[in-house]
Amino acid sequence: MGKSASAHKGDGQQKTSNYYEAVIQSETFKELLRKKRAFILPSSIFFFVFYFTLPILTSYFTVLNQPAFGAITWAWVFAFAQFIMTWGLCILYTKRAEQFDQLVEKIKQETGGRG
């Protein structure tokens, strides 16, 4: 007789497990993780420091209350800069993601990749 449904399911799980092990052990996958970590960690730290600096400075200090341009204070300049910083990080990540996608394609080629 043929294999039972659970035996077929076990074979599929074993193939999937072997595939994922091959991906995880791939040097290109390790390079992808290194490159992503090297980009995401510093940019996230920068984002949070830049973002939380405004409420901290406006709550506890008066340095941003000084006029920058006419009646516009440095607090408004800093707040506007946060929009620019957010868009800048999004654009930078989009460009970097293209490099990450190239590494993913390379991993898929090396490991007989799926989807």
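In this report, the structure presented in the accompanying data block is examined.

Cut-offs used in this document
Residues numbered from 1 in each chain as written. Predicted model: local features only at pLDDT ≥ 70, side-chain atom pairs only at ≥ 80, totals over all residues. Heavy atoms only, no water. Helix = DSSP H or I, 4+ residues; strand = E, 2+ residues; numbered from the N terminus. Buried < 20%, exposed > 50% of the residue type's maximum accessible area, 1.4 Å probe, protein only. Areas by Shrake-Rupley, 256 points an atom, 1.4 Å probe, with all protein chains shown as cover. Patch = residues over 30% accessible without salt bridge, like charges linked within 9 Å, V, L, I, M, F, W, Y side chains within 5 Å. Salt bridge = Lys/Arg side-chain N within 4 Å of Asp/Glu carboxyl O.

Our next topic: the overall build of the protein. Across its full length, the protein carries three helices and two strands. N-terminal to C-terminal, the α/β element order of the protein is α-α-β-β-α. The buried share among the 115 residues of the protein stands at 18%. A total accessible area of about 8900 Å² is found for the protein, and carbon and sulfur atoms account for 65% of it.

A cluster of nonpolar side chains, contributed by Phe48, Tyr51, Phe52, Ile56, Tyr60, Phe61 and Val63, occupies part of the molecular surface with about 770 Å² of accessible area. Positionally, Ile56 belongs in helix 2 (residues 27–60). On the accessibility criterion, Ile56 (43% relative accessible area) is partly exposed.

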